[in-house]
Amino acid sequence: MKTQIVVVGGGAGGLELVRRLGARLGRKDFDIILVERNHTHVWKPLLHEVAAGSLDANLDEIGYRSHGYRWGYRFFYGSLEAIDRTARQVIVAPIYDDDGSELVGRHRLRYDYLVIAIGSVSNDFGTPGVKGHCLFLEDRHQADRFRLKLLNHCLRVSRTMSADPAEDVSVDIAIVGGGATGVELAAELYNAASSLRHYGLEVFDETRMRVTLIEAGPRILPVLPEALAKAAHEELEALGVRVLANTAVSEAMEMGLRCASGEEIHADICVWAAGVQGPRILEDLDGLEVARSRQLVVLPTLQTSRDERIFALGDCCFFKPEGAGSPVPPRAQAAHQMASTAYRNILHLIAGETPEPFVYRDKGSLVSLSRFSTVGSLMGNLVGGRMAIEGRLARMIYVSLYRMHLLAVHGWVKGLALILVGQVNRVVRPRLKLH
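Residues numbered from 1 in each chain as written. Predicted model: local features only at pLDDT ≥ 70, side-chain atom pairs only at ≥ 80, totals over all residues. Heavy atoms only, no water.

Caption draft 1: Region of the structure containing the sheet that holds strand β18 (residues 264–266). Sheet architecture is open: three strands sit in the order β16-β17-β18, paired in antiparallel fashion. Among the strands making up the open sheet, the edge pair consists of β16 (249–253) and β18. When strand polarity is set aside, the average angle formed by the axes of neighbouring strands in this sheet is 20 degrees. (Pairing = 2+ DSSP bridges. Helix = DSSP H or I, 4+ residues; strand = E, 2+ residues; numbered from the N terminus. Axes fitted to C-alpha atoms, helices over the stretch in contact; angles between N-to-C directions.)

Structure (structure tokens):
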């Protein structure tokens, strides 16, 4: 019987892991299986561009079936329902068609080694009305939904102004959360709005877009040095974004938000991007230890604390290095580094060797303000420590992060080819995806 390795979750970490395992181990003696609830992969840090229409995900997504055929793993469409640690089986939930009919029944997959990499979901902190009235940017489907609502509201404003140019109408958007996602989305919206006049909305421009960015903490972008966060704050305000720090949201309503101070903020679209936590399925996963953030607690080897045959990586993983004041943050660079360690440790276990500890190396943070600016900090070993950067250099490095992701999941040959195709597409394809 083949050694079966099951990876649940095809995000940045999970997809890189199955590619490396499939390429290294082959199909003869090993069966590498990826279980994922989506058919295609889109790099999560790009979802704000998909939402604003600046990125056509149809051109940048990765189909799991073709990718698996190329790299020697099998793709199972479905979502995790439970695990049976005694039988060493993953229980995959049933799949239903749009009309409610069952396409694939509940089934089980055996495993010798299991890796859980199902990412994270937004944390609404129990705020009333958020689930019913706010949009999230956790996956491609949600980004597409936001883009459609955005375009519909832009069309409404454009038609109203065409009928009566004196009308004072606008598209009002409220974004809760001053982290990277909220800041990048706010800037990208103005980039998209400035281009709509070239795509049929002749009387619409960025002056008709009113964006409010709300942060409960004292400043936006708390992961960046204060000087860089201030520069980003000023850049956003120059674009027209209303930035509210030290402002907690107490309720989400049909037409806006109510703040703890009593102020009500009108919004046609509300986006919740404040904090993340593990998916609810992790709360009771056959006795595996879970942190307060609903993340799986792991040992330094990334093996779960109660089962050495089960690994966790990425946003759903809770790992606090010895002596550290906080756990490893839920970032794409952490998922990439964890995938490399999990890959080596699975090979160690197969060979009967001792797994190695995971060492997180913070490479810094970069935040893109669309075409307007990029700010961030890097761990610059050549300059003796943390290096603050902004402007064109920061933008170049930000773009290179996605290119590194392409190389990690496609290999050097196809990865370089896709980078070249991407450069060509920037010239020949439309600036906005409007359908």
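Caption draft 2: Structural view of the side chain of H67. Mapped onto the fold, H67 is located in helix α4 (residues 64–71). If we skip the residues at most four places from it in the chain, H67 touches L15, R19, I62, Y73, V409 and H410. (Contact = heavy atoms within 4.5 Å.)

Caption draft 3: Here's a closer look at the pattern of salt bridges. Tallied over the entire structure, the rule returns 20 salt bridges. Two residues, D139 and R37, come together in a salt bridge whose shortest N-O distance is 3.6 Å. Placement of D139 in the loop between α5 (130–133) and α6 (140–163) and of R37 in the loop between β2 (30–36) and β3 (40–41) is noted, with a sequence separation of 102 residues between them. Linking R106 and E81 is a salt bridge whose minimum nitrogen-to-oxygen distance equals 2.5 Å. On the criterion of sequence distance, the pair formed by R106 in the loop between β9 (102–104) and β10 (107–110) and E81 in strand β6 (residues 80–84) is long-range, its members being 25 residues apart. The exposure class assigned to R106 is exposed, which follows from its relative accessible area of 51%. Note on E81: relative accessible area 28%, which makes it partly exposed. Look at the salt bridges and you will find they share partners, linking E61, R140, D144 and R147 into a network. (Salt bridge = Lys/Arg side-chain N within 4 Å of Asp/Glu carboxyl O. Buried < 20%, exposed > 50% of the residue type's maximum accessible area, 1.4 Å probe, protein only.)

Caption draft 4: Layout of the environment of G22. Along the chain, G22 turns up in helix α1 (residues 12–25). Residue class for G22 comes out buried when judged on its relative accessible area of 5%. Sequence-wise, G22 and I5 are 17 residues apart; in three dimensions their C-alpha atoms are separated by 9.9 Å. Beyond its immediate sequence surroundings of up to four residues, G22 is in contact with I32, W71 and G72.

Caption draft 5: Main features of the nonpolar core. Core analysis: the biggest nonpolar cluster contains 54 residues, and L17, V90, L114 and I116 have the highest contact counts within it. The element best represented in this core is helix α9 (residues 332–350), accounting for seven residues. Every residue in contact with I116, bar those within four places of it in the chain, is listed here: V8, L282, L285, L288, L296, I310, F311, A312, L313 and C316. In this structure, V50, Y190, V243 and V367 belong to the second largest nonpolar core, which totals 52 residues. (Core = buried A, V, L, I, M, F, W, Y, C linked by side-chain atoms within 4.5 Å.)

Caption draft 6: Molecular detail of the side chain of T304. With respect to the element layout, T304 can be found in strand β22 (residues 303–304). Polar contacts involving the side chain of T304 include one to the main-chain carbonyl oxygen of D307, which spans 2.8 Å. Setting aside residues up to four positions removed in sequence, T304 forms contacts with L288, V297, V298, L299, I310, F311 and A312. (Polar contact = N/O pair within 3.5 Å; in protein donor to acceptor, adjacent residues only side chain to side chain.)

Caption draft 7: Broad picture of the packing of aromatic side chains. Evaluation of the coordinates by the stated rule reveals three aromatic pairs. Ring centres of F319 and F358 lie 5.9 Å apart, and the angle between their planes is 65 degrees; on these two criteria the pair is classed as edge-to-face. Of the two residues, F319 sits in the loop between β24 (317–318) and α9 while F358 sits in the loop between α9 and β25 (364–369), which places them 39 residues apart along the sequence. In this structure, F319 and F358 share a single accessibility class: buried. (Phe/Tyr/Trp six-rings, centres within 6.5 Å; stacked < 30°, edge-to-face > 60°.)

Caption draft 8: How the structure looks around unusual backbone geometry. Phi at F125 takes a positive value of approximately 55 degrees, unusual for a residue other than glycine. Tracing the backbone shows F125 in the loop between β12 (121–122) and α5. A positive phi angle, close to 50 degrees, is found at D286, a residue other than glycine. Tracing the backbone shows D286 in the loop between β20 (276–277) and β21 (296–297). D286 sits in the partly exposed class, given a relative accessible area of 32%.

Caption draft 9: Local environment of the sheet that holds β6. Sheet architecture is open: three strands sit in the order β6-β7-β10, paired in antiparallel fashion. Strands with a single pairing partner mark the edges of an open sheet, and in this sheet they are β6 and β10. Between one strand axis and the next, the sheet turns by 25 degrees as a mean value, whatever way the strands run. The sheet contact formed by β6 and strand β7 (residues 89–92) spans four bridges and is antiparallel. Pairing of L80 across the sheet is with V92, part of β7.

Caption draft 10: Fine view of α1. Helix length check: α1 (14 residues) gives 20 Å between terminal C-alpha atoms against 20 Å at 1.5 Å per residue, within 8%. Within α1, 11 of the 14 residues are buried, which leaves the element mostly enclosed by the surrounding structure. Residues A12, G13, G14, L15, E16, L17, V18, R19, L21, G22 and L25 constitute the buried set of α1. In the segment just after α1, G26 is the residue with positive phi, at about 75 degrees. (Expected span 1.5 Å × (residues − 1).)

Caption draft 11: Representation of empty space enclosed by the protein. Counted under the stated rule, the structure contains three cavities of 30 Å³ or more. Here the second largest cavity defines a volume of roughly 40 Å³. Lining the second largest cavity we find Q295, G314, D315, C317, V328, P329, P330, R331, A334, A335 and M338. If one sorts the elements of the lining of the second largest cavity by residue count, α9 sits on top with three residues. (1 Å grid on protein atoms, 1.4 Å probe; cavity = no way out; pocket = protein on both sides within 12 Å on 5 of 7 lines; lining within 4 Å. Points joined across faces, edges and corners; volume = space filled by probe spheres on them.)

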